[in-house]
Amino acid sequence: MCDTWGVTLDLDPGLGSAGNPRLVRAIVDEMNGGAIPFERFMELALYHPKYGYYRKPGRVGPDGDFLTSPAIHPMFGWAIGGWLRWTWQQLGEPTTFTVIEPGAGEGLLAASILDWAEGRDDNFREALRYVAIEPNAPGRDSRVEWRDSPPDAVEAGAVVTNELFDAFPVRIFDAGERGPIEVFVRWDGERFVEAPGGVASIDGAPESGRFEVNQRAYPAMRDLCGLVERGAVLVFDYGYPQEDLWAPWRTTGTLLCFYRHTAHENPYIHVGDQDITTHVNFTDLAFAAQASGFDVHGPVSQSAFLWAAGLGEVVEAARAEMAEYFSRRRALERLTDSAGLGRVRVLAATRGFAAGTPPGFGES
Ligand SMILES: C[S@@+](CC[C@H](N)C(=O)[O-])C[C@H]1O[C@@H](n2cnc3c(N)ncnc32)[C@H](O)[C@@H]1O
């Protein structure tokens, strides 16, 4: 309460103190006085049909909340363009080669891959059909076929994702003597608070501490593998193999929130105005690809992948033009920073051609 003007004003922001008031109201209404699993809370926070975080454009980039590799510099896309052209060549240079990018955001990666193809290889560009699947705030590049759901499977092509799986809603568990107890969320009248749910049985789960289960990742990876009969699936994401993700020393899980380029661990503030992300279980992704009949390569670090792809040479090639040279050099430092984007992991899955080890996957 405040009475500095001689009248008493109630300045408590109510639902607004937890984030976007309309979204908070929608979540509290769905809770209906009870608790919902954290996974549902995260789904509503990020993907509520009207007020979810990802429904609005401008989330990725200097004016948004966080940076992804395509937003650092187009050279990230040039490296992937070269990798895709190699795949096209291994397939015998089919007349149509479809690249499908789920979670394409506003299309920065698509643009840099298409620009690279246009500048480098007319035959490859001629064959290239680019399909972006983005159900939330899609881009506008007219060279791209924008869809909000997957296309039919293609005969020859590749699926490319950057930071898709780490944006999926996850279940959270607190492991203790009784086993893993699922985290639920309720509204206590002023804020969102956690509440214990039921005990679960999860193979290989940690015996103590907090951990997440991204149970949508495996079926999604299987679906993505089903989109290309011959070709590749190339995944860039923050994550670890399961033994690292669920290592006994990792007692607080991997959940992180991003709000105006500040990282923190509280998903119950700025609800609808901040990103929520967790590290991906790469063992799940590899199993899903293998179960779909793909050979799996990696995961390797993004840093190793980009150096092996030849981005060092791309920087050196600009030496004659100092501004461009420093821009590329700074970008490569950021894309390969071992404390930042360089930690992103890259997994490739290939099917329908005998290529051996794809470029970038020679060492981990
Ligand atoms: C962290 S952002 C990454 C955006 C972009 N790939 C980049 O690197 O800047 C995650 C994106 O995945 C999208 N997304 C989430 N679930 C999806 C799904 N099931 N299918 C397609 N896109 C999805 C979100 O709308 C969001 O644009």
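Let us look at the structure shown here.

Analysis parameters
Residues numbered from 1 in each chain as written. Predicted model: local features only at pLDDT ≥ 70, side-chain atom pairs only at ≥ 80, totals over all residues. Helix = DSSP H or I, 4+ residues; strand = E, 2+ residues; numbered from the N terminus. Rg over C-alpha atoms; globule rule 2.2 N^0.38 Å. Buried ≥ 20, exposed ≤ 12 C-beta atoms within 10 Å, placed from the backbone. Contact = placed C-beta atoms within 7 Å. Near = placed C-beta within 6 Å. Nonpolar A, V, L, I, M, F, W, Y, C, P; charged D, E, K, R; others polar. Pairing = 2+ DSSP bridges. Axes fitted to C-alpha atoms, helices over the stretch in contact; angles between N-to-C directions. Parallel < 35°, antiparallel > 145°, perpendicular 65-115°, else oblique. Left-handed = near helix turned anticlockwise from the far one by under 90°. Core = buried A, V, L, I, M, F, W, Y, C linked by C-beta atoms within 7 Å.

Tallying secondary structure elements over the protein gives twelve helices and 17 strands in all. Taken over the C-alpha trace, the protein has a radius of gyration of 22 Å; the compact-globule value for 364 residues is 21 Å, and the two agree within 12%. Expressed as a percentage of its 364 residues, the buried residues of the protein come to 45%. Contacts in the protein between residues at least 24 apart in sequence constitute 74% of all its contacts with a sequence separation of at least 6.

Attention now moves to the site of the ligand. Near the ligand, the surroundings consist of 17 residues, among which Thr68, Gly103, Gly105, Asn136 and Asn162 are the closest. Looking at the shell around the ligand, its residues break down into ten nonpolar, five polar and two charged.

A word on the pairing of strand β8 (residues 192-199). Examined bridge by bridge, strand β7 (residues 179-187) and β8 share six bridges and lie antiparallel to one another. What sits directly across from Arg186, in β8, is Val193. From the end of β7 to the start of β8, which pair antiparallel, there are four residues, and Gly189 there has a positive phi angle of about 105°.

If you trace the three strands from one edge of the open sheet to the other, you get β13-β12-β14, paired in antiparallel fashion. Since the sheet does not close on itself, it has two edges, and those belong to β13 (262-264) and β14 (275-277), each with one partner. Along the sheet, successive strands turn relative to each other by an average axial angle of 25°, direction set aside. Where strand β12 (residues 256-259) meets β14, three bridges bridge the pair, whose relative direction is antiparallel. By the bridge assignment, Cys257 is partnered in β14 with Ile276.

Gln302, Ala304, Phe305, Leu306 and Ala309 are the residues of helix α10 (residues 302-309) that are buried. Elements that come into contact with the buried residues of α10 comprise α4 (75-90), β10 (228-237), β16 (295-301), α11 (311-316), α12 (322-335) and β17 (345-351). Looking one or two residues beyond α10, the residue adopting positive phi is Gly310, at roughly 105°.

The strands making up a sheet associate through hydrogen bonds between their backbones, and the pairing can be parallel or antiparallel. With mixed pairing, seven strands are arranged side by side in an open sheet as β4-β3-β2-β5-β10-β17-β16. Two strands lie at the open edges of the sheet, namely β4 (144-147) and β16, each paired on one side alone. Here the average twist between neighbouring strands, direction ignored, is 15°. Sheet topology places strand β3 (residues 128-133) next to β4; four bridges connect them, and they run parallel. Within β4, the residue paired with Ile133 across the bridge is Arg147. Running over the sheet, helix α9 (residues 282-291) touches β10, β16 and β17 and is turned about 5° from β17.

The omega torsion across Gly298 and Pro299 is 10°, close enough to zero to call that bond cis. Along the chain, Pro299 turns up in strand β16. Positioned with a positive phi, Ala137 is a non-glycine residue whose angle comes to about 40°. Counting through the fold element by element, Ala137 comes out in the loop between β3 and β4. What makes Ala137 partly exposed here is the crowd of 13 C-beta atoms within 10 Å. One non-glycine residue with positive phi stands out, namely Glu163, at about 50°. Given 22 C-beta atoms within a 10 Å radius, Glu163 is considered buried.

Looking now at the packing of α4 against helix α5 (residues 108-120). In the contact formed by α4 and α5, the axes pass within 8 Å of each other and the chain directions differ by 60°. As the angle between them shows, α4 and α5 are arranged oblique. The two elements α4 and α5 cross, and the hand of that crossing is right-handed. Each of Phe76, Gly77, Trp78, Ile80, Gly81 and Leu84 in α4 lies in contact with α5, whose residues at this interface are Leu109, Ser112, Ile113, Trp116 and Ala117.

Residues Ala79, Ile113, Ala158, Val233, Leu285 and Ala289 are the most contacted members of the largest nonpolar core, which totals 103 residues. With eight residues, the top contributor of residues to this core is α4. Those residues in contact with Leu285 that lie beyond four places of it in its chain are Ala217, Met221, Val235, Val280 and Leu347.

Checked against the element boundaries, Arg328 lands in helix α12. On the basis of neighbour count, Arg328 is assigned to the buried category, with 22 C-beta atoms found within 10 Å. Measuring from C-alpha to C-alpha, the distance between Arg328 and Tyr130 comes to 26 Å, with 198 residues separating the pair along the chain. Setting aside residues up to four positions removed in sequence, Arg328 forms contacts with His73, Met75, Val314, Val315 and Ala318.

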